[in-house]
Amino acid sequence: MANKTKESIYIHDAMDNLAAIMSIDMGNPPPLGIVKKNRIVTSEEEFGPDTVQWLSGEGSEPILEILELTYRAIHQHLLKIYESPETNWENAKTRKGIASMMELVGESAQKAEDFLQFRLGKSLPQHVADGQEFKALQKFYTQRFVKKISGGIEGDEAWTEEWKENEEAPLLDLSKTGLKDFETVRTDSEYELFYIRNEDGKHYFNPS
């Protein structure tokens, strides 16, 4: 799944994509649309003039390319935080927000793969978690980012160790992780790194 270009998308588009993937009900998989080649929507109500519906006959490549753009945007976002002299590395909400964002990244890779395999009726030629940008984000997070925080990011909500243990594995063992504290994160508007609002000022995640 090599990247043909070094295109970029905004962090709010990246979070929209993660939200869209995580909203998929595998018991009743929805249609999937692509907006301007950089954003995923999973409801026909969201389909507009700039939306092209993805069909299984197109193969997995269009979705995998958007996911790679998504993981690159999150990597760039974390890099800005990493380099910012204003980041408060001791703040508990900052630490928890970062850990929650990375859990969402990992779970989105598995969910997207499950969806694509269901729609295509076969396994993907390459795991989503083996993508170039996903692996680059994973490496940056585990080998550099967490070292900025004294003692690392610890607790049930952080899965740094699982990422480290699975860096050479085709897929992360998400059964050990999960968004254990997702409700707290979802309802706390002070999680600035994770709880990002879209351009309409609305939250990315609804109670369902």
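None of these values were measured; they are calculated from a predicted model. (Residues numbered from 1 in each chain as written. Predicted model: local features only at pLDDT ≥ 70, side-chain atom pairs only at ≥ 80, totals over all residues. Heavy atoms only, no water.)

1. Regarding the sheet that holds strand β2 (residues 39–41)
Argument step 1. Strand order across the open sheet formed by three strands is β2-β1-β3, with antiparallel pairing between neighbours. Both edges of this open sheet fall to β2 and β3 (51–54), since each of them pairs with a single strand only. Ignoring strand direction, the axes of neighbouring strands in this sheet form an average angle of 35 degrees.
Argument step 2. Of the strand pairs in this sheet, strand β1 (residues 32–35) and β3 are connected by four bridges, and their pairing is antiparallel. Across the sheet, residue L32 finds its bridge partner in β3, namely W54. (Pairing = 2+ DSSP bridges. Helix = DSSP H or I, 4+ residues; strand = E, 2+ residues; numbered from the N terminus. Axes fitted to C-alpha atoms, helices over the stretch in contact; angles between N-to-C directions.)

2. Brief notes about the packing of aromatic side chains
Argument step 1. Evaluated as defined, the whole model comprises seven aromatic pairs.
Argument step 2. With a centroid separation of 5.9 Å and an interplanar angle of 65 degrees, the aromatic rings of F140 and F145 are classed as edge-to-face.
Argument step 3. Since its relative accessible area comes to 0%, F145 is described here as buried.
Argument step 4. Members of the aromatic cluster, connected to one another through ring pairs, are Y82, W89, F140, Y141 and F145.
Argument step 5. Looking at K148, its charged tip hangs above the ring of Y82, at a distance of 4.9 Å from the centre. (Phe/Tyr/Trp six-rings, centres within 6.5 Å; stacked < 30°, edge-to-face > 60°. Buried < 20%, exposed > 50% of the residue type's maximum accessible area, 1.4 Å probe, protein only. Lys NZ or Arg CZ within 6 Å of the ring centre and 35° of its normal.)

3. Section: unusual backbone geometry
Argument step 1. Despite not being glycine, K36 has its phi angle at roughly 50 degrees, a positive value.
Argument step 2. Counting through the fold element by element, K36 comes out in the loop between β1 and β2.
Argument step 3. A positive phi angle is found at K37, which is not glycine, with a value near 65 degrees.
Argument step 4. In this fold, K37 is placed in the loop between β1 and β2.
Argument step 5. With a relative accessible area of 71%, K37 lands in the exposed category.

4. Describing the pattern of salt bridges
Argument step 1. For the coordinates displayed, the defined rule picks out two salt bridges.
Argument step 2. Close ionic contact of D50 with K36 constitutes a salt bridge, the shortest N to O distance being 3.9 Å. With D50 in the loop between β2 and β3 and K36 in the loop between β1 and β2, this residue pair connects regions lying 14 residues apart in the sequence.
Argument step 3. Overall, K36 belongs to the exposed group, its relative accessible area being 59%.
Argument step 4. A salt bridge links R72 to E133, with the shortest nitrogen-to-oxygen separation between them at 3.1 Å. Taken together, the positions of R72 in helix α2 (residues 61–83) and E133 in helix α4 (residues 132–143) put the pair 61 residues apart, joining distant regions of the chain. (Salt bridge = Lys/Arg side-chain N within 4 Å of Asp/Glu carboxyl O.)

5. So, the nonpolar core
Argument step 1. One finds L67, Y71, L78 and F145 to be the most contacted residues of the largest nonpolar core, which totals 43 residues.
Argument step 2. For this core, the element with the most residues is α2, which contributes 11 residues.
Argument step 3. If sequence neighbours within four positions are ignored, F145 has contacts with L78, I81, Y82, W89, I98 and F140. (Core = buried A, V, L, I, M, F, W, Y, C linked by side-chain atoms within 4.5 Å. Contact = heavy atoms within 4.5 Å.)

6. Description of the side chain of D13
Argument step 1. Structurally, D13 can be placed in helix α1 (residues 11–22).
Argument step 2. For D13, which is buried and forms no salt bridge, the nearest opposite charge comes from R39, at a distance of 4.2 Å.
Argument step 3. In contact with D13, other than residues within four places in its own chain, are N38 and R39. (Lys, Arg positive; Asp, Glu negative; His and termini not counted.)

7. Comments concerning the pairing of β1
Argument step 1. Going residue by residue along β1, you find L32 and I34 tucked away on one face and G33 and V35 tucked away on the opposite face as well.
Argument step 2. As paired strands, β1 and β2 are joined by three bridges and run antiparallel to one another. Within β2, the position partnered with I34 by the bridge is I40.
Argument step 3. What sits between β1 and β2 in their antiparallel hairpin is a turn of three residues, with K36 showing a positive phi close to 50 degrees.

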